[in-house]
Amino acid sequence: MQNFLSRLIGRLNVGRKLALIYLLDLTAVIFVSGILINEKYIAIDFTAKEIAGAAYIDAIRASFTPLAGARPSPQAMEAAAREIEAAQARHGEAMRGADLARDYADALRHGTDHAFDRGRALLTRIGNQSNLILDPDLDSYYTMSLAVLRFPELLELLRTTPNPNAAHDMALLQGRLDAAAHGIASDYREALAAGDATLAQRLNPSRQALQDALQRYGAGPMDAARRELAIVALNDAWRMAQNELSRLLHARQRAAYARMAEHFGTAVLLLLVILSVVFYVARQISAPLRQLAGVAADVSRSGNYALRAAWKSGDEIGQLVTGFNAMLQQLDRHRLEQQELVARHHADNAQKRLAEAIPMPLLVTAIPDHEVLHANAAAQSWLRGRGDPWSRGMDAPTRARFFQTLADLGAVDEFEVRWLAGSAPGWALVSARRIEYGGRAAVLSTFTPINRMKAMEQHLELWAKVFEAASEGILLIDAEGCIVEANAAFCRNANLGVDDLAGMHPRDLLDARNDAGLYQTMLDTAARQGAWQGEAWIQRRGREPWPAWLSLNAARDKSGAVAHHIAIVTDISERKKNEERIRYMAHHDALTGLPNRLLCRERLQMSIAQSQRAGSRVAVLFVDLDRFKNINDSLGHHVGDALLSSVAQRLSASVRPGDTVSRLGGDEFIVILNNVADVEEIGKIAKGRLIEAVRQPYPLDGAELHISCSVGAAVYPDDGADIDALMRHADAAMYQAKNSGRDNLQFFTAELNERVTQRLQLENDLRHAVARGELLLHYQPRIDAATLTLAGVESLVRWQHPTRGLIGPAEFIPIAEESGLIVDIGAWIIDEACRQHAQWRERGLGMVPVSINLSAVQLRDNGLCDTLRGALKRHAIDAAQIELELTESVLMDNGDAAIARLNAIKALGVSLSIDDFGTGYSSLNYLYRFPVDKLKIDRSFIQNMAAAPQNLALIHAIIGLGHTLGRQVVAEGVSQESEARMLREYGCDELQGFHFSRPLPAQEVEGWMRDRCAQAA
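Residues numbered from 1 in each chain as written. Predicted model: local features only at pLDDT ≥ 70, side-chain atom pairs only at ≥ 80, totals over all residues. Heavy atoms only, no water.

**What to know about the sheet that holds strand E5 (residues 440–449)**
Worth spelling out the cut-off: Strands were regarded as paired on the criterion that DSSP finds at least two bridges between them. Strands here are runs of E lasting at least two residues and helices are runs of H or I lasting at least four, both read from the DSSP assignment and numbered beginning at the N terminus. Under this scheme, a helix contributes an axis fitted over its contacting stretch, all axes are lines through C-alpha atoms, and angles between N-to-C directions fall in the 0 to 180 degree range. Should any heavy atoms of two residues lie within 4.5 Å, those residues are counted as being in contact.
Pairing in this open sheet of five strands is antiparallel, and the strands run E2-E1-E5-E4-E3 from one edge to the other. The sheet terminates laterally at strand E2 (372–375) and strand E3 (411–419), the two strands that pair on one side only. Going from strand to strand, the sheet's axes swing by 25° on average, the running direction of each strand aside. Where strand E1 (residues 362–366) meets E5, five bridges bridge the pair, whose relative direction is antiparallel. Bridging from a neighbouring strand, Val364 pairs with Leu444 of E5. Its contacts with the sheet place helix H12 (residues 396–409) against E3, strand E4 (426–437) and E5, and it is angled at close to 175° to E3.

**Examining the sheet that holds strand E9 (residues 543–556)**
Strand order in the open sheet formed by five strands is E7-E6-E10-E9-E8, and the pairing between neighbours is antiparallel. Strands at the two margins of the open sheet, each flanked by one partner only, are strand E7 (483–486) and strand E8 (531–540). Across the sheet, the mean angle from the axis of one strand to that of its neighbour is 25°, orientation sign disregarded. Pairing analysis gives three bridges linking strand E6 (residues 473–478) to E7, with the strands arranged antiparallel. Its bridge partner being in E7, Leu476 is matched across the sheet by Glu485. Its contacts with the sheet put helix H16 (residues 518–529) on E8, E9 and strand E10 (562–571), and the angle it makes with E8 is roughly 155°. Against the sheet, helix H17 (residues 573–587) makes contact with E8, E9 and E10, and its axis sits at roughly 120° relative to E9, the strand it touches most.

**Notes on helix H7 (residues 167–194)**
Since the α-helix turns once every 3.6 residues, residues separated by three or four places project in the same direction. Put simply, the test is: A helix is expected to span 1.5 Å for every residue after the first. Residue exposure (1.4 Å probe, protein chains only): buried if accessible area is under 20% of the type maximum, exposed if over 50%, otherwise partly exposed.
With 28 residues, H7 should reach 40 Å at 1.5 Å per residue; the first-to-last C-alpha distance of 41 Å fits that figure. Of all the residues in H7, the buried ones are Leu173, Leu177, Ala180, Gly183, Ile184, Asp187, Tyr188, Ala191 and Leu192.

**What about the side chain of Arg540?**
This is how it is decided: This count recognises Lys and Arg as positive and Asp and Glu as negative, with His and chain-terminal groups excluded. Every case where a carboxyl oxygen of Asp or Glu lies within 4 Å of a side-chain nitrogen of Lys or Arg is listed as a salt bridge. Within 3.5 Å is the distance limit for a polar contact, defined as a pair of N or O atoms, with the added protein rule that one can donate a hydrogen and the other accept it, and that residues adjacent in sequence qualify only through two side-chain atoms.
The residue Arg540 is located in strand E8 in this model. The buried charged residue Arg540 lacks any salt bridge, with Asp571 as its nearest oppositely charged partner at 5.1 Å. Looking at Arg540, its side chain comes within polar contact range of the main-chain oxygen of Glu544, at 3.2 Å. Dropping the residues within four chain positions of it, Arg540 is found in contact with Asn493, Ala494, Asn495, Pro545 and Trp546.

Printed below as a string of structure tokens:
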């Protein structure tokens, strides 16, 4: 920006530059004067608004004062209202009092009692909006204070009619009158002190009259006559104060106009003085400069350097003229010297033009400092930087040899060197001669670039190395089809030497297992498309042929004819082996080596196709090991893997040739029996061979393991016409074998298919039961055996199926556990039980403990504690009111892990109990270590206790054991009073059963609890 302004101003002549200075000065003066004048204009406008406000207030006073005395006539009130409207029209546009003026005029016309208040409000608004309240001069400010504040306040006091009989009111009015009089006297003093003698002369009479009238009114009885005299005196004083206020404001306005005119005149005078000074200075500057410009123009036009400028002064302009004349004198002397130099320069240029005309790089350097005396255009690319080109262009040993040869012979021809001083390093042949150049000893050198030649040499050397070092075999074949060259890799793979291969036809290297026309196909494709690729078998002398990936490329000459073929041969023996290995792994089980699911399906498809053609049957057997998980978890996966391998071997040894044994995964196997006659033959093979073979002991790790298997069979085409149906039906039959006690064979039936279909449908519906709100809880009370009061309730889940109605837990809980849905269902049960507990508490039933059944899958779930913690927090439940029930089998399944999980649950404050106690296989050691609070005797002992003495003994023993371990004992299935009485006698803590109540929905059990409480009361 600065450079731009400098260039712009530099284009102006001196006169315009001075005019620019004057305009800048003029702008500054006008700007400052404008500010001062604007300030005076603001003051004048401010005073004008005050004058208008004072006139408006005087109009208000004229109508306002009579309101304090006797009520004026309607004609007077109408005239006063019109005067207010006229004042609003003349002065009220900027006072924002139009509404108040209209209300005041209406009040005057109608003679209402509110006229005085509305007039006072209008007077206050005009005083604020007209700037009077902000008056800057003390004399006018205190005069304004009298007219706007003090007098209206006093008039309001005089308007008040005192009650002579009310001494308190009289004293209060007298005090307010004294305070108002004191304020008026104070403002008079301040106004007269700040004003001139004229102000005192005009205000003193009305001031004294008002003071006397107030003293008389306050000293004697406050009758109407004295009050009227005081109001008249007040009106005179107010009117006189208004007149003086208007006089002071007009005087201030006139003074402001005078000061504004004074400022304007001063600015005009200052501008004239500046213009005069600038004009005089401009003449003193422009005259010598114009003379200098004229002399310079004459010298430029005529070339006469003897001309001089004439001007004498001691300032910088005089020095400029003197310096200009000296410069002209020096230029005249230099002109003569340059004429001599030009002649010598022409001679040098002629010699240089001769060197430049030579097209090859040519360099002339001085001896001995190697200064560059001349380098033609072709040599510029060989030079980089300044100084000695030889020290930068050659390494030290090469440079020493070059100059030694030049010193010995006086000339150097085609010296090969890698030149480093050019724009890029490159190879060159340097020739040099010693000459004399410009009277100095010098060396004339020429450079011939040989980069392309060196690059071709290096390229050929590199390709020779690549050819020999390549791991792939390479053959070079001429146009006649004979091998010209072979690299080491091909010789090594073919077990032949280069001499053996030279002249051999490539067809002789192809093995007989290739197609007969393979080589001709390769040639035709390469000629047509430029290359051929594919697999081929190559002969190997003295050994087996080897598979190779062969690429044959056609190399053409400039005419486009095929001059050579290049064959690249890659040994793919390892790849073939890996492909075979991968193919085997993709179709076989890694542990047992048996066919996997994919190969099993392929073979089953082949068996079905053969069966269709032969009209025979195919049997599909699903084999699942019984309780294999217990062995895997207890003895370790390495033992489980060894057992699976042994089972696979026995199954493979037990089937007929042509049959298939495959492993699906885990402990599941599939056996395909081809060409079976009937189910009897299938049964003999499955029972007599497979199941019997699996039953035999397994010696593993010094121990003898026993295991059995469950087998399900489906027969093609009787039980299914495709693979999926056969495998699905065999799987269903296998599960039937599991349910029938394991270690047996079951054939698929239509009834079984129906049950499986229903079970799958039920499982599918169960997946959406929670989301659809189809689950509900029933509650069965637990009774304190000693007091027969409610000890708590057990929550029991039910499923309200949309089509099958109410379904009990025994039908759908096993499905939920097998499918993993029990985790989500269990979480819902916990949350719903907590919610119901909180609802009963809110309805006044108190703290009703709720027990919840827990499955093995839930106990193993890592999120169980978080689910419990979240439900307790969400419903604000005391953890001690929630009890979790677990069966013996659940706890004994991986007992150590169960103890760790139970301790984590116990840390939340939740109670624990063992359900169906006595039906499992509890360990007393584990029973002692389990952090449980209660033992629940199974209902099977209770139901037969009267008829079976051994049941009584077991019940008595369980109660004693529980109490000895510090646990409470609960009896389930109590259905008779006699059972309840006997259990109480044995010391049982809690009773539960149909004798007290069946499991009921939440609303019904709530009614049961209320009835129970009422009976107890």
